[in-house]
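Summary of the model geometry
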Amino acid sequence: MKLKDIQLSNLSTYRGELMGLAMIFIIFFHVGVPRASSFYGLCRMGNVGVDMFFFLSGIGLWYSWMKSVGKASFPNNWMKFYIRRLWRVYPAWLIVALAFYVPDYLGERNFSKNVTDLIGDVAINWDFWMNDELTFWYIPATMMLYLFAPPYMELIRRHPSYRWLPVAMVAWCTVVQWVAPVHQAVGHIEIFWSRVPIFFIGINMAEAVRRKSTMEGAAIGLLLIMFILPLASSMWLEQYRHGKFPLYTERMLYIPLTVSALLLFTMALRHAPQWLNRSLRFVGTISLEIYLLHVHFILRHFQGPGWNFWTRALACIAIVLPAAWVLHKIIEYVVNKLNPSR
């Protein structure tokens, strides 16, 4: 029996659902289980949701960029790109950063040490870049990748051979970890460097998605190898070697895992009930707000022996979904008032 071709365009069709799944994985990762638990390695794998977000973001950016090609010249099209990204991310970031860093500064001062530090943390979370402060690290990392996306997209549009650059980015991750002078200079933001390749791989793959290219059905075997091998390896490393290996090595395993898992998920979502797809799309729509709220405003209240993994996870989800939706709607209203033409 001939297997049906694998539709790459489903990465775009089900992008909202996939982002919803990625966000749920991240929540599970942050809920966590005790180190002694037999599910520790699997729970730690939830942070692959970050790689999924970066990969899907790369695809989305390419779609947006290709729509603008020919409509405006440099630097106008670049500026429009940056402004759109800024309006999408920065309002939510600014509200949550003010709500987190200002009370912290007025209280215990665990993060911002002085007024200048406070302004830097609220404006661009500069303590992430300076000191690897991971409170909301995904936001400054995303904004930095957005900054370099237009020149990269224009480069590969004009010179497709440069789509091989993510291979050099993987090599750079090894350099950051093991070449001492480089490690001392920029090794503290390894969590950023090790996610750079998957973002640009997403951009690279986006044209095939946009053109509705397919993989032959027999490639399901390849996808399963790319899924099972890095998944099993990463789970074993986390379960038995956690803290004893450089994390960038695991995140290199996340690259094939991310691509294969997302393609396999699209095949499952095609047959999923509509209520499930709608629910995941809803989570994906407000994923930015969920990310900003769930750890430092909600999960920290569910501590102690009375809470296990599932009660913490379900309580967090039950509270963060409506809270994130309200924040999303407030920001949407304010942004539409301030920038109705966006």
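Scroll up a little and you will see the structure.
Since the model is a prediction, treat every value here as computed from it, not as a measurement.

A closer look at the environment of Asn204
Inspection of the secondary structure assignment puts Asn204 in helix α12 (residues 196-210). As for Asn204 and Ile228, which are separated by 24 residues in sequence, their C-alpha atoms are 23 Å apart. Aside from chain neighbours lying at most four places away, what touches Asn204 is Tyr152, Ile156, Arg163 and Pro166.

Quick notes on the pattern of salt bridges
One pass over the full model with this rule turns up 10 salt bridges. In this structure, the salt-bridge partner of Glu238 is Arg44, at a minimum N-O distance of 3.2 Å. A residue pair is termed long-range when its members are at least 10 positions apart, and Glu238 in helix α13 (residues 220-241) and Arg44 in helix α3 (residues 40-44) qualify at 194 residues. Glu238 gets classed as buried once you look at its relative accessible area, which sits at 0%. Salt-bridge contacts for Glu332 lead to Lys329; the nearest nitrogen and oxygen are separated by 3.4 Å. Of this pair, Glu332 and Lys329 both sit in helix α17 (residues 309-338), 3 residues apart, which is roughly one turn of that helix. Counted as one network, the salt bridges with shared partners bring together Glu154, Arg157 and Arg158.

Quick word on the nonpolar core
One finds Leu11, Phe54, Phe55, Phe192, Phe199, Ile203 and Leu292 to be the most contacted residues of the largest nonpolar core, which totals 101 residues. Sequence-distant contacts of Phe55, that is, excluding residues within four places in its chain, are made with Leu11, Ile198, Ile201, Gly202, Met205, Thr258, Val259 and Leu262.

Brief notes about the packing of helix α9 (residues 165-178) against α12
In contact at an axis separation of 9 Å, α9 and α12 are set at 175° when each is read in the N-to-C sense. Here α9 lies roughly antiparallel to α12, going by the angle between them. Residue-level contacts link Pro166, Met169, Val170 and Cys173 of α9 to Val196, Pro197, Phe200, Ile201 and Asn204 of α12. When its residues are assigned to classes, the contact of α9 with α12 shows 8 nonpolar, 1 polar and no charged.

Some remarks on the side chain of Thr258
Positionally, Thr258 belongs in helix α14 (residues 247-269). For Thr258, a relative accessible area of 0% corresponds to the buried category. Side-chain polar atoms of Thr258 contact the backbone oxygen of Tyr254, separated by 2.7 Å. Ignoring anything within four residues of it in the chain, the contact list for Thr258 reads Val48, Asp51, Met52, Phe55 and Ile198.

Let's talk about helix α15 (residues 274-285)
Between its first and last C-alpha, α15 extends 16 Å over 12 residues, near the 16 Å set by a 1.5 Å rise per residue. Residues of α15 that are buried: Asn277, Leu280, Val283 and Gly284. In a view along the axis of α15, the buried residues occupy a sector of 125°, so they form one face of it.

Digging into helix α4 (residues 48-68)
In this model, α4 (21 residues) spans 31 Å end to end at C-alpha, consistent with the 30 Å of a helix rising 1.5 Å per residue. Most of α4 sits inside the fold, with 17 of its 21 residues counted as buried.

Thoughts on unusual backbone geometry
Unlike most non-glycine residues, Asp132 shows phi in positive territory, near 60°. As for its placement among the helices and strands, Asp132 is situated in the loop between α7 (126-131) and α8 (138-158). For Asp132, a relative accessible area of 28% gives the class partly exposed. For Lys212, which is not a glycine, the phi torsion comes out positive at approximately 60°. You can see Lys212 is positioned in the loop between α12 and β2 (214-215).

Let's talk about the packing of α4 against α8
In contact at an axis separation of 10 Å, α4 and α8 are set at 45° when each is read in the N-to-C sense. Taken together, the axes of α4 and α8 lie oblique to each other. Classified by chirality, the crossing of α8 by α4 is right-handed. Every residue of α8 that contacts α4 at Val50, Phe53, Phe54, Ser57, Leu61, Trp62, Trp65 and Met66 is listed here: Tyr138, Ala141, Thr142, Leu145, Tyr146, Ala149, Pro150, Met153, Glu154, Ile156 and Arg157. For the contact of α4 with α8, the per-class residue count stands at 15 nonpolar, 2 polar and 2 charged.

A closer look at the packing of aromatic side chains
All chains considered together, the criterion is met by 29 aromatic pairs. On the numbers, 5.3 Å between centres and 85° between planes, the contact of Phe100 with Phe136 is edge-to-face. You can see Phe100 sitting in helix α5 (residues 76-106) and its partner Phe136 sitting in the loop between α7 and α8, a full 36 residues away along the chain. With respect to class, Phe100 is no different from Phe136; both count as buried. A centroid spacing of 6.2 Å and a plane angle of 70° characterise the contact between Phe100 and Phe297, whose relative ring orientation is edge-to-face. A residue pair is termed long-range when its members are at least 10 positions apart, and Phe100 in helix α5 and Phe297 in helix α16 (residues 287-298) qualify at 197 residues. A relative accessible area of 26% means that Phe297 is categorised as partly exposed. A cation over a ring is seen here: Arg85 above Phe81, with NZ or CZ 4.8 Å from the ring centre. Over the face of the ring belonging to Trp62 we find Arg163, whose NZ or CZ atom lies 5.5 Å from the ring centre.

Calculation criteria
Residues numbered from 1 in each chain as written. Predicted model: local features only at pLDDT ≥ 70, side-chain atom pairs only at ≥ 80, totals over all residues. Heavy atoms only, no water. Helix = DSSP H or I, 4+ residues; strand = E, 2+ residues; numbered from the N terminus. Contact = heavy atoms within 4.5 Å. Salt bridge = Lys/Arg side-chain N within 4 Å of Asp/Glu carboxyl O. Buried < 20%, exposed > 50% of the residue type's maximum accessible area, 1.4 Å probe, protein only. Core = buried A, V, L, I, M, F, W, Y, C linked by side-chain atoms within 4.5 Å. Axes fitted to C-alpha atoms, helices over the stretch in contact; angles between N-to-C directions. Parallel < 35°, antiparallel > 145°, perpendicular 65-115°, else oblique. Nonpolar A, V, L, I, M, F, W, Y, C, P; charged D, E, K, R; others polar. Polar contact = N/O pair within 3.5 Å; in protein donor to acceptor, adjacent residues only side chain to side chain. Expected span 1.5 Å × (residues − 1). Arc of directions from axis to C-beta. Left-handed = near helix turned anticlockwise from the far one by under 90°. Phe/Tyr/Trp six-rings, centres within 6.5 Å; stacked < 30°, edge-to-face > 60°. Lys NZ or Arg CZ within 6 Å of the ring centre and 35° of its normal.

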